[in-house]
Amino acid sequence: MTDVAKEIESIKALQATLQARLDADQEMLQQLAKRLWAQQESEKAKLSRELHDGIGQLLTGLTRRLQALSSSSPEIEALHGIAEMALNDVRQLSRLMSPTILDDLGLKPALNWLCRNLLSSEDIIYQTDITLPSDLPKDISTLLFRIAQETLVNAIKHSEATNLTLTVSHHHNVIRLDIIDNGVGFDSKTIEPGIGLSSIRDRAEAFNATLEIESATGQGTRTTVTVPV
């Protein structure tokens, strides 16, 4: 073997070593990111319980007391209505922060509940079509739920959509989530992603998932997530 050939082989061996180190570092970073997201979900569950058991219980007692007194004064009756609205908001926030339906019944019922909870009071007609494997890992379920949650909230706030579809399918060990609305859309080249969108992009990367958002002014928005299982 000539000196040149030896040098080429040495460079190839060095490249292979560096690539192996890079792959190992990437795997370590992904595992760290997954642990970070898991910790965040744990903190959300803790805060959800505190909202439900603390503020929620106090507001429950307040609404009952005001209800008992409401017949004596229109002002107290109005305060009772405000307290009930505050209690409902706290309950909804608690459920959205840590949806027990996701753990109890799985991703499909949780996504249907999410759409119903967020969209039923809006002027948005929605459809869902969800097909999932029976053994979907919990962390993948949480990933897809949080991405759907952020996407639906953004649609409500910004899209002015009247129709929305949410579909989930799986094929060859890949789960695909599509959320499509007929709203005003936006120019993706000029819009800076917000904190919520940046967060779900980071979370998707930790699971080797791809997150694609297609939109144009006046042409609605399509959010697609593909996750290897």
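Residues numbered from 1 in each chain as written. Predicted model: local features only at pLDDT ≥ 70, side-chain atom pairs only at ≥ 80, totals over all residues. Heavy atoms only, no water.

### Here we look at the sheet that holds strand 3 (residues 174–181)
- Taken in spatial order, the five strands line up as 1-2-3-5-4 in an open sheet, and their pairing is mixed. Sheet topology places strand 1 (125–130) and strand 4 (210–215) at the edges, where each strand pairs with a single neighbour. Between one strand axis and the next, the sheet turns through 10 degrees on average, direction left out of account.
- Summarising the sheet, strand 2 (residues 163–171) and strand 3 pair through eight bridges and their orientation is antiparallel. Residue pairing in the sheet places Val168 in a bridge with Leu177 of strand 3.
- The strands touched by helix 4 (residues 107–119) within the sheet are strand 1 and strand 2, with strand 1 carrying the most contacts at an inclination of about 175 degrees.
- Contacting strand 2, strand 3, strand 4 and strand 5 (221–228), helix 5 (residues 138–159) runs over the sheet at an angle of about 10 degrees to strand 3. (Pairing = 2+ DSSP bridges. Helix = DSSP H or I, 4+ residues; strand = E, 2+ residues; numbered from the N terminus. Axes fitted to C-alpha atoms, helices over the stretch in contact; angles between N-to-C directions. Contact = heavy atoms within 4.5 Å.)

### Digging into the pattern of salt bridges
- Taken as a whole and assessed by the stated rule, the structure comprises three salt bridges.
- Between Lys138 and Asp103 there is a salt bridge whose closest N-O contact spans 3.7 Å. In this pair, Lys138 is assigned in helix 5 and Asp103 in helix 3 (residues 100–105), connecting sequence segments 35 residues apart.
- A relative accessible area of 57% means that Lys138 is categorised as exposed.
- For the salt bridge of Arg176 with Asp178, the shortest nitrogen-to-oxygen distance reads 2.6 Å.
- Residue classification places Arg176 among the partly exposed positions, given a relative accessible area of 32%.
- Overall, the relative accessible area of 6% leaves Asp178 in the buried class.
- Each of the salt bridges in this network shares a partner with another, and the network as a whole consists of Arg176, Asp178 and Arg222. (Salt bridge = Lys/Arg side-chain N within 4 Å of Asp/Glu carboxyl O. Buried < 20%, exposed > 50% of the residue type's maximum accessible area, 1.4 Å probe, protein only.)

### What about the nonpolar core?
- Ranked by internal contacts, the top residues of the largest apolar core, which has 38 residues, are Leu166 and Leu177.
- Residue assignment for this core shows that the elements contributing at least two residues are helix 3, helix 4, helix 5, strand 2, strand 3, helix 6 (195–206) and strand 5.
- One finds Leu51, Leu59, Leu87 and Met97 within the second-largest nonpolar core, a separate group that totals five residues. (Core = buried A, V, L, I, M, F, W, Y, C linked by side-chain atoms within 4.5 Å.)

### Regarding the pairing of strand 1
- In this sheet, strand 2 lies alongside strand 1 in parallel orientation, the contact comprising six bridges. Looking at the pairing, Tyr126 lines up with Leu164 of strand 2.

### With respect to the domain arrangement of the chain
- The domains assigned to the chain are domain 1 (1–98) and domain 2 (106–228).
- Relative placement of domain 1 and domain 2: their C-alpha centres are 17 Å apart.
- Between domain 1 and domain 2, the residue contacts involve 12 residues of the former and 14 residues of the latter.
- A buried area of about 1100 Å², summed over both sides, lies between domain 1 and domain 2, and 49% of it is on carbon and sulfur atoms.
- In this assembly, domain 1 and domain 2 are joined by zero salt bridges.
- Broken down by secondary-structure element, the contributors of at least two residues to the side of domain 1 that touches domain 2 are helix 1 (3–69) and helix 2 (74–97). (Domains from an automatic or database assignment. Buried area = accessible area lost by both parts, 1.4 Å probe.)

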